[in-house]
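# Tertiary structure, described
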Amino acid sequence: MFHRIGRTVVRHPVWTIVAWVIAAVAIIATAPSLPSNSDESSFLPSSYESIKAMNVQEKAFPQAFSPAAIVLYQRTDGKPLTDADKADVTRITKELGAKKIDQVQKIVDGSESKDHKFQTAMVQMDKKSAGQPKQADAAKALRDDSTALAKGTALKVQVGGQAAQGLDQQDAGKTSDAVALFGSLLIIIVTLSIIFRSPLVAIMPLVLLVGVVFTVANALIADATKIFGLQANSSISALLIVVVLGVGTDYFLFLMFRYRERLRAGDEPKQAMINAVTRVGEAIASAAGAVIIAFCALALSTLGFLTQLGPALAILVAVTLLAGITLFPAICSLIPPRALFWPGKKWREEPRGTRYAAVGRLMARKPAMVAVLSGAVMLVLAIGTFGYKASYDLASGSIPKTKESMVVQDTLSKAYSAGAAAPTNVYLTSKDNKALSGDLNGFADKLRGVDGVAGVTFDKAKDINKAGTTANYTVTLKYEAATDQAIAAVGDVRTVAHENAPPGTEALVGGTSSIYKDINAAVNHDYRTVFPVAAVLIMVILGLLLRSVVAPWYLIASVGLGFGATLGTTVWIFGRGDGLIFMLPIIMYLFVVAIGTDYNILMIARLREEAREGREPREAASEALKHAGPTIGAAGFILAATFATLMLSGNDFLTEMGFTVAFGIVIAAFVMAMFFTPSLTALIGHAAWWPGHADRAESLPTGTGQDGPGPDGGPRDPRDLEDSRRG
């Protein structure tokens, strides 16, 4: 199949390029705009208790609301508020509400801090638009208008809360995108220039990946988001940029290294490109298939963010794969090698005595030692996984501490009860729609007795709905909403509320900490489903590629070791304080497993190719490392470096992700693929390919006049013979 693809695109390069242009224009022109949502509650399906509680609040207490934004007032000199200051606070709050800012439904007075230095106002926004960009715009308008209204007073006004966090996250995201894009571009240009000594080769993949692949993929992602009703998230865009540049450059490198190798072996340029696509196409397609399946496994997740991220990345990789085996070779085949690799001249000569060749010879002599040492390195690093702890504070993890919303959050936690900024609500509802009865005040007392509860507010005159069927208990925790203590405390609140609900009633616990509690349960669900499903599907791809039931087991085991080493190292570096962002292990697993399998596939495919030329397992492993090592090394370095640029974003979540994925790729490329996998394959020998014989030399046709040595002095590939006979 890949021989036919290569022959078609190389013989008809102009038509291939025209087809890409027409398809790209059509896809981009018809794509809808991509929506965005950063509301934590949108992560969860309606079956979770926190979402059920939110629905009860909307029906029973439509006038009540969880503030989308909080306006914080204080004196510029830090002294307690005077009567004149309080009058200004009242005036500003009233005039802000009168401005009828889009999305703002009402603004009400909040409370004064115990030290009398702070006063708040609570802002209600349209619940249907929670987490969307228009609410971030509303937060910006609130900041601008409140600052203007406070001129001439002694007051300093700041706006925090979820909408303001969305605004600050947008601003931080723009910086992240810029850093990721320009950092990745610089790394790719410099690295490719060093490898190929050609400015054209260095720039070409960037133009194609950013100008064509990324744009087309983004349009297709928007289509999929609309068709399947997915929720886009503002954190995805920076990740997409890094993935398309990293993975796309990898596929470009796989192709160009093999193209250059065939030119050095004496192939005519067009035939060299056809052979390159033929030989490396299967490996690229299998590698991309593993990545796509791993990402599609996220569809089994119960978290909205991951169900959007998975399909988006799968679409991106699929478009990149298609470009890698059609658009890239079509364009390169139009350019003579002298012009393509200009001004370099070493593309004509096979280097001798390389380090990869030396390592390959060492592996052939002592495969057991290489396997044990590389495996031991990963095992030692994996010890850190026992110290893993999850953090659910998405805002703090994705917004710099100096941003206004984070300053407001920190001030509220110190000036008020730590849980006052995001109280927990317990709703007691009648099961038969009759008026509530029983000891409602006694139920409140039970809640007050829970460890971690700072206070419970309940007034029969105010906190029961008009129908008398639902009561609202406002529970203030002693801890900030996203902390481990708050999540543990809200679990205890649920237990007490469920056990002590009066007969005929049902208790539901909602609020921010309750949402995080449910996210924790959803993540644990994903660990039990997404991980195994992705592993099994990747093993199926490996089995189909290698025609073996043995090799996939130790290949996926090696990737599992790489995952453990990556997580353990990340815990040691980042996870000693508040822990790691809760989504990190899932993203890490998918990237390390998928991309680690990429490099394993490239190495094992080359090893099989060498074995088919009549080499014994150890010699085949040595030759595979000699030829595939430079490709994997260059690809691993570029991909790791592009992800590492996320560490410069100023965003804790992206910093952790950047390090984790970069380190995982280094382990995958320079430990697993170069040492562990080939050394194990050499040790296992022919049994690694059981029950097939994928490593056995293929018999060559005789009597054709073409069954002599190939142009590189080794046995001629039968596919080369077939193409030669066909002209």
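Please refer to the structure placed before this passage.
These remarks concern the structure in this document. Because the structure is a prediction, the values reported are computed rather than measured.

The number of helices and strands found in the protein chain is 23 helices and 10 strands. Going through the 727 residues of the protein chain one by one, you find that 57% of them count as buried.

Moving on, we get to the packing of aromatic side chains. For the coordinates displayed, the defined rule picks out 12 aromatic pairs. Where F443 meets Y473, the ring centres are 5.0 Å apart and the plane angle is 65°; that geometry is what we call edge-to-face. Of this pair, F443 sits in helix α16 (residues 440-448) while Y473 sits in strand β8 (residues 470-477); the two residues are 30 residues apart in sequence, bridging distant segments of the chain. The class of F443 is buried, set by a relative accessible area of 2%. Through a chain of ring-to-ring contacts, the aromatic side chains of F196, F257, Y259 and F341 assemble into a single cluster.

In this section: the sheet that holds strand β6 (residues 424-430). Strand order across the open sheet formed by four strands is β7-β8-β6-β9, with antiparallel pairing between neighbours. Among the strands making up the open sheet, the edge pair consists of β7 (453-457) and β9 (505-511). Here the average twist between neighbouring strands, direction ignored, is 25°. The sheet contact formed by β6 and β8 spans six bridges and is antiparallel. Residue pairing in the sheet places T429 in a bridge with T470 of β8. Lying on the sheet, helix α17 (residues 484-500) is in contact with β6, β7, β8 and β9; it crosses β9 at an angle near 170°. Lying over the sheet, helix α18 (residues 512-546) contacts β6, β8 and β9, oriented at roughly 95° with respect to β9.

Across the junction of W342 and P343, the peptide omega takes the value 5°, indicating a cis bond. For P343, the location among the structural elements is in the loop between α11 (337-340) and α12 (355-365). The omega torsion of the bond from W690 to P691 falls at 10°, within 30 degrees of zero and hence cis. Its location among the elements puts P691 in the loop between α22 (652-684) and α23 (718-725). Unlike most non-glycine residues, Q103 shows phi in positive territory, near 85°. Relative to the elements of secondary structure, Q103 occurs in the loop between α4 (83-98) and β2 (104-112). Backbone geometry at R197 places phi at a positive 50°, although glycine is not the residue there. Mapped onto the elements, R197 comes out in the loop between α6 (162-196) and α7 (199-228).

Where helix α1 (residues 2-11) contacts helix α10 (residues 304-334), the axes come no closer than 8 Å and their chain directions differ by 45°. Judged on the interaxial angle alone, α10 and α1 are oblique. The way α1 lies across α10 gives a crossing that is right-handed. Facing F2, I5, V9 and V10 of α1, the residues of α10 in contact are I325, T326, P329, A330 and S333. Among the residues making up the contact of α1 with α10, the classes are represented as seven nonpolar, two polar and no charged.

Turning next to the sheet that holds strand β1 (residues 69-75). Taken in spatial order, the four strands of this open sheet run β2-β3-β1-β4, and their pairing is antiparallel. The open sheet is flanked by β2 and β4 (155-160), the only strands paired with a single partner. Averaged over all pairs of adjacent strands, the angle between strand axes in this sheet comes to 20°, irrespective of strand direction. Of the strand pairs in this sheet, β1 and β4 are connected by six bridges, and their pairing is antiparallel. Residue pairing in the sheet places Q74 in a bridge with K156 of β4. Across the sheet, helix α15 (residues 404-415) is in contact with β1, β3 (118-125) and β4; its angle to β4 comes to roughly 105°.

Let's shift gears to the packing of α7 against α10. The geometry of α7 relative to α10 is characterised by a closest axis approach of 9 Å and an angle of 140° between their N-to-C directions. In this view, α7 runs oblique relative to α10, as classed from their interaxial angle. Viewed along their axes, α7 and α10 form a crossing whose handedness is right-handed. Along its contact with α7, which presents M204, L208, L209, V212, V213, F214, V216, A217, L220, I221, A224 and T225, the element α10 presents Q308, A312, I315, L316, V319, T320, A323, L327, F328, I331 and C332. Of the residues in the contact of α7 with α10, the class split is 20 nonpolar, three polar and no charged.

You can see D168 is positioned in helix α6. Residue classification places D168 among the buried residues on the basis of a relative accessible area of 2%. There is a polar contact of 2.6 Å between the side chain of D168 and the side chain of S405. Setting aside residues no more than four positions away along its own chain, D168 makes contact with R143, I399, K403, E404 and S405.

The rules we used
- Residues numbered from 1 in each chain as written.
- Predicted model: local features only at pLDDT ≥ 70, side-chain atom pairs only at ≥ 80, totals over all residues.
- Heavy atoms only, no water.
- Helix = DSSP H or I, 4+ residues; strand = E, 2+ residues; numbered from the N terminus.
- Buried < 20%, exposed > 50% of the residue type's maximum accessible area, 1.4 Å probe, protein only.
- Phe/Tyr/Trp six-rings, centres within 6.5 Å; stacked < 30°, edge-to-face > 60°.
- Pairing = 2+ DSSP bridges.
- Axes fitted to C-alpha atoms, helices over the stretch in contact; angles between N-to-C directions.
- Contact = heavy atoms within 4.5 Å.
- Parallel < 35°, antiparallel > 145°, perpendicular 65-115°, else oblique.
- Left-handed = near helix turned anticlockwise from the far one by under 90°.
- Nonpolar A, V, L, I, M, F, W, Y, C, P; charged D, E, K, R; others polar.
- Polar contact = N/O pair within 3.5 Å; in protein donor to acceptor, adjacent residues only side chain to side chain.

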